[in-house]
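# Structural characterization, general
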Amino acid sequence: MARPRKMNRRPRRPRTVRAAVLFSALAAAPVPAAAQCEAFWQPRLLAQAESAQVELRDNRRAAATIPTRWFIAVSHINKRINAASGVDAQFLLCSSTEPNAFAWRSDGAPVVALTLGMYRLLGDDWHAYAAILGHENAHLARRHGNKRQQREAVSALGQLLGGALLANAGGALVAESLSIGGRAITSSYSREEEHEADLDGMHYAQAAGFDPRGALSFHAKVKSAGHFLGSHPSSADRMRRLRAELKRKGW
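These notes cover the structure that comes with them. (Residues numbered from 1 in each chain as written. Predicted model: local features only at pLDDT ≥ 70, side-chain atom pairs only at ≥ 80, totals over all residues. Heavy atoms only, no water.)

## Brief notes about the overall build of the protein chain
From N to C terminus, the protein chain includes nine helices and eight strands. When burial is assessed residue by residue, the protein chain has 43% of its 251 residues classed as buried. Within the protein chain, contacts between residues separated by at least 24 positions form 63% of all contacts whose residues are at least 6 apart in sequence. When the accessible surface of the protein chain is summed, it comes to about 13,900 Å², and 53% of that surface belongs to carbon and sulfur atoms. (Helix = DSSP H or I, 4+ residues; strand = E, 2+ residues; numbered from the N terminus. Buried < 20%, exposed > 50% of the residue type's maximum accessible area, 1.4 Å probe, protein only. Contact = heavy atoms within 4.5 Å. Areas by Shrake-Rupley, 256 points an atom, 1.4 Å probe, with all protein chains shown as cover.)

Written out as structure tokens, the structure reads:
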């Protein structure tokens, strides 16, 4: 009797793999927006998944299922933007469902994060991702975070002095309200810093080989969403400045 032939079949790759949380939200997040994140994942690692898609899980549940090709693409974009900006930023995906992006330094190392809400807003608009990652790298390159901390220090000193005066007058409750308001005011970048990051980010995107008009596409999607976090207000003035720069550069 003839022996059955061996079948050298390759094992099928799973269609979906599960990715546990990379690390939980920072206990003392240096960027207020980062405090919204209950979990972070590292796209560079998930891009290596041998599956068509990845199920992201936070500490409690499934947060999202994303095609592996998206992790490959955004990791590539981040690498090229880093090279164009000279900022070697670690890139993270945050569990927040609000469309947002932010940058900070962790023990001196630059970090850039996008939220799941931003992923859902931009989809596969790679040029828009290049613009927003370039924007965040510009904040790091120009050390806007340091300037913001200086503003917060000045604001805190003013609140301390004002609070002492109000406390002497029996106004402790008012002093606390002033403190909360001060933190809200100084937690975002100045308008001029946002404009600088817009222009630099567009230049980084163009230098990295992307369409610089992705910055306009990004703002158009933000406006169409109907709302956006105050850390990145999308305004007609910002879009006007971007269009003026595109015209000036002939892009």
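And the narrative resumes.
## As for the packing of helix α4 (residues 126–141) against helix α8 (residues 214–225)
Each pair of packed helices can be described by the angle between their axes along with the distance between the axes. The contact between α4 and α8 brings their axes to 7 Å, and the two run at 95°. Here α4 is positioned roughly perpendicular relative to α8, judged by the angle of their axes. Residues His127, Ala128, Ala131 and Ile132 of α4 form the contact with α8, whose participating residues are Gly214, Ala215, Ser217 and Phe218. Taken together, the residues of the contact of α4 with α8 break down into five nonpolar, three polar and no charged. (Axes fitted to C-alpha atoms, helices over the stretch in contact; angles between N-to-C directions. Parallel < 35°, antiparallel > 145°, perpendicular 65-115°, else oblique. Nonpolar A, V, L, I, M, F, W, Y, C, P; charged D, E, K, R; others polar.)

## Here we look at α4
An ideal rise of 1.5 Å per residue puts 22 Å on 16 residues; α4 measures up with 22 Å between its terminal C-alpha atoms. Among the 16 residues that make up α4, 13 are buried, leaving the element largely enclosed by the rest of the structure. Just downstream of α4 lies arginine 143, where phi reads positive at about 55°. (Expected span 1.5 Å × (residues − 1).)

## Some thoughts on the packing of aromatic side chains
Considering all chains together, one arrives at six aromatic pairs under this definition. Considering the side-chain rings of tryptophan 70 and phenylalanine 71, the 5.3 Å spacing of their centres and the 80° angle between planes classify their relative orientation as edge-to-face. Each residue in the set Trp70, Phe71, Tyr119, Trp126 and Tyr129 is aromatic and connected to the rest through ring pairs, giving one cluster. (Phe/Tyr/Trp six-rings, centres within 6.5 Å; stacked < 30°, edge-to-face > 60°.)

## A word on the state of the cysteines
Under the counting rule described, the total for this entry stands at one disulfide. Residue cysteine 37 pairs covalently with cysteine 94 via a disulfide, S to S 1.9 Å. Because the torsion about its S-S bond is -95°, the bridge between cysteine 37 and cysteine 94 counts as left-handed. Of this pair, cysteine 37 sits in the loop between β2 (23–24) and β3 (39–41) while cysteine 94 sits in strand β6 (residues 90–94); the two residues are 57 residues apart in sequence, bridging distant segments of the chain. As far as the burial class goes, cysteine 37 and cysteine 94 line up, both buried. (Disulfide = S-S within 2.5 Å.)

## Focus on the pairing of strand β5 (residues 62–67)
Pairing of strand β4 (residues 53–57) with β5 involves five bridges; the strand directions are antiparallel. Residue glutamate 55 lies in a different strand from β5, and its bridge partner there is threonine 65. (Pairing = 2+ DSSP bridges.)

## What about the packing of α8 against helix α9 (residues 236–249)?
Between α8 and α9, whose axes approach to 10 Å, the crossing angle comes to 160°. Here α8 is positioned roughly antiparallel relative to α9, judged by the angle of their axes. When the axes of α8 and α9 are compared, the crossing they make is left-handed. Along the contact surface, α8 presents Ala215, Leu216, His219, Ala220 and Lys223, while α9 presents Arg238, Met239, Leu242, Arg243 and Leu246. Looking at side-chain class alone, the contact of α8 with α9 contains six nonpolar, one polar and three charged residues. (Left-handed = near helix turned anticlockwise from the far one by under 90°.)

As far as function goes, none of this settles anything; it's purely spatial.
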